[in-house]
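This is what each chain is made of:
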Amino acid sequence: MTKPAVLITGAARRLGACMARRFSENGWHVVIHYRGSADAAEALAASLPSAGTVQADLSDDGAADAMIGQLAARLSDWRALVNSASVFEHDDAARVDPAIFTRAMRTNAAGPVLLAQAFLAKAQAPGGRRVVNVLDQKLWNSNPDFFSYSMSKAALGMATRMLARAHDGGDDRIYGLAPGAMLPSHDQQADEHQTSGRMNLLQRLTQPEELADAAVFLAEGHLASGETICVDSGQHLLSQPRDVLFMARGESDARG
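These numbers come from a predicted model, not from an experiment. (Residues numbered from 1 in each chain as written. Predicted model: local features only at pLDDT ≥ 70, side-chain atom pairs only at ≥ 80, totals over all residues. Heavy atoms only, no water.)

Caption draft 1: View of the overall build of the protein. Scanning the protein from terminus to terminus reveals eight helices and seven strands. On the principal axes, the C-alpha backbone points of the protein span a range of 55 × 35 × 35 Å. When each of the 256 residues of the protein is scored for burial, the buried share is 50%. Long-range pairs, those at least 24 residues apart, make up 71% of the contacts in the protein between residues at least 6 apart in sequence. In the form shown here, the protein has an accessible surface area of approximately 11300 Å², with 50% of it arising from carbon and sulfur atoms. Positive and negative side-chain charges of the protein, numbering 24 and 29 respectively, have mean locations separated by a distance of 2 Å. (Helix = DSSP H or I, 4+ residues; strand = E, 2+ residues; numbered from the N terminus. Buried < 20%, exposed > 50% of the residue type's maximum accessible area, 1.4 Å probe, protein only. Contact = heavy atoms within 4.5 Å. Areas by Shrake-Rupley, 256 points an atom, 1.4 Å probe, with all protein chains shown as cover. Lys, Arg positive; Asp, Glu negative; His and termini not counted. Charge placed at Lys NZ, Arg CZ, Asp CG, Glu CD.)

Have a look at this one:
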């Protein structure tokens, strides 16, 4: 029997790689997308029982569309797309960096939307297709840091609901998945993450495997289309004045 297939963007490293492993453990054929991390992507694919890799620069509309078309032509049960690839660069509400803004909106918002649209138009899956857009708990717990990044994730969050409405009534489902602080990010050291990662209601480190389990759950389509799951030990229910990366360092200004 053919395994259901999932494409995970940015899956060579970090959270994307963790999700790739979890999907594989649950019987999926995993397509690992990467932009420049070829060695890591190939090594991960070789470690899984059913996996392949695909390279594309998702800021190139033509390359992304071509990738979707090529995969759709050879995957008979392409059931899920997980939009995990993103850029995370710092600017803030006092001074938005135009270059950072452009990269964030292109990679974190426009790219995933275009991939989702192409996937929903071309992929074949007898039981319906699933799109999982990786968002961020910042959409509920906003602060002035990483301003362009946060705007791009907000745009993707709205797009998730709009795509769900556009496909209402069919077998397809479009979801959001919002992680909190799980891995060291930006210029953060591992020991700093031990502090910042516990700045949530449960005061615990949320593990990447928890996000991976949620991604598999959504890919199986048990929730109503348009819903979002937060996997952050309650961080999104707080009101934090700065990104926890800076709070852990005791930085109270907005410069970062």
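And the narrative resumes.
Caption draft 2: Representation of the sheet that holds strand 2 (residues 29–34) within the structure. Spatially, the seven strands line up as an open sheet ordered 3-2-1-4-5-6-7, and their pairing is parallel. Of all the strands in the sheet, the pair left with one neighbour each is strand 3 (51–55) and strand 7 (228–231). Going from strand to strand, the sheet's axes swing by 20 degrees on average, the running direction of each strand aside. Its contacts with the sheet place helix 7 (residues 208–219) against strand 4 (78–83), strand 5 (130–134), strand 6 (173–179) and strand 7, and it is angled at close to 170 degrees to strand 6. (Pairing = 2+ DSSP bridges. Axes fitted to C-alpha atoms, helices over the stretch in contact; angles between N-to-C directions.)

Caption draft 3: Local environment of the pattern of salt bridges. Counted according to the given criterion, the structure contains 13 salt bridges. Where Lys 122 meets Asp 65, a salt bridge forms, and the shortest distance between an N and an O atom there is 3.2 Å. You can see Lys 122 sitting in helix 4 (residues 98–122) and its partner Asp 65 sitting in helix 3 (residues 61–74), a full 57 residues away along the chain. With relative accessibility at 37%, the residue Asp 65 sits in the partly exposed group. The salt bridge partner of Arg 129 is Asp 172, with a shortest N-O separation of 2.8 Å. Here the residue Arg 129 occupies a position in the loop between helix 4 and strand 5, and Asp 172 occupies one in the loop between helix 5 (147–166) and strand 6, the gap between them amounting to 43 residues. An identical accessibility class is assigned to Arg 129 and Asp 172; each is buried. Beyond isolated ion pairs, a larger network of salt bridges with shared partners links Arg 22, Glu 25 and Asp 213. (Salt bridge = Lys/Arg side-chain N within 4 Å of Asp/Glu carboxyl O.)

Caption draft 4: Representation of the side chain of Ser 150 in the model. Along the chain, the position of Ser 150 falls in helix 5. Dropping the residues within four chain positions of it, Ser 150 is found in contact with Lys 138, Leu 139 and Asp 145.

Caption draft 5: Local environment of the packing of aromatic side chains. For the coordinates displayed, the defined rule picks out five aromatic pairs. A centroid spacing of 4.9 Å and a plane angle of 70 degrees characterise the contact between Trp 78 and Phe 119, whose relative ring orientation is edge-to-face. One end of the pair, Trp 78, is in strand 4; the other, Phe 119, is in helix 4, with 41 residues separating them in the sequence. For the residue pair Trp 78 and Phe 119, the accessibility class agrees, reading buried in each case. (Phe/Tyr/Trp six-rings, centres within 6.5 Å; stacked < 30°, edge-to-face > 60°.)

Caption draft 6: Representation of the packing of helix 1 (residues 14–25) against helix 7 in the model. Between helix 1 and helix 7, the least distance of the axes is 8 Å, while the angle of their chain directions is 55 degrees. Our classification of the angle between helix 1 and helix 7 gives oblique. As helix 1 runs across helix 7, the sense of the crossing is right-handed. Contacts between helix 1 and helix 7 involve Leu 15, Cys 18, Met 19, Arg 22 and Phe 23 from the former and Pro 208, Glu 209, Leu 211, Ala 212, Asp 213, Ala 215, Val 216 and Ala 219 from the latter. Grouping the amino acids of the contact of helix 1 with helix 7 by side-chain chemistry returns ten nonpolar, no polar and three charged. (Parallel < 35°, antiparallel > 145°, perpendicular 65-115°, else oblique. Left-handed = near helix turned anticlockwise from the far one by under 90°. Nonpolar A, V, L, I, M, F, W, Y, C, P; charged D, E, K, R; others polar.)

Caption draft 7: Expanded view of the state of the cysteines. One pass over the full model with this rule turns up zero disulfides. We note that Cys 18 lacks a disulfide partner, and the nearest cysteine sulfur, in Cys 230, lies 18 Å from it. On the basis of relative accessibility, which here comes to 9%, the residue Cys 18 falls in the buried class. Since its relative accessible area comes to 23%, Cys 230 is described here as partly exposed. (Disulfide = S-S within 2.5 Å.)

Caption draft 8: The arrangement of a nonpolar patch on the surface in detail. Where nonpolar side chains cluster on the molecular surface, the patch consists of Leu 201, Leu 202 and Leu 237 and spans about 330 Å² of accessible area. In this fold, Leu 201 is placed in the loop between helix 6 (190–196) and helix 7. (Patch = residues over 30% accessible without salt bridge, like charges linked within 9 Å, V, L, I, M, F, W, Y side chains within 5 Å.)

Caption draft 9: Molecular detail of the pairing of strand 6. Across the seven residues of strand 6, six count as buried, placing the element largely inside the fold. Bridging between strand 5 and strand 6 involves five bridges; their strand directions are parallel. Bridge pairing links Val 131 to Ile 174 in strand 6. Remark: the strand 5/helix 5/strand 6 crossover connection has right-handed handedness. Two strands pair when backbone bridges link them, and strand 6 and strand 7 are joined in this way by four bridges, in the parallel orientation. (Right-handed = clockwise from strand over helix to strand, strands pointing away.)

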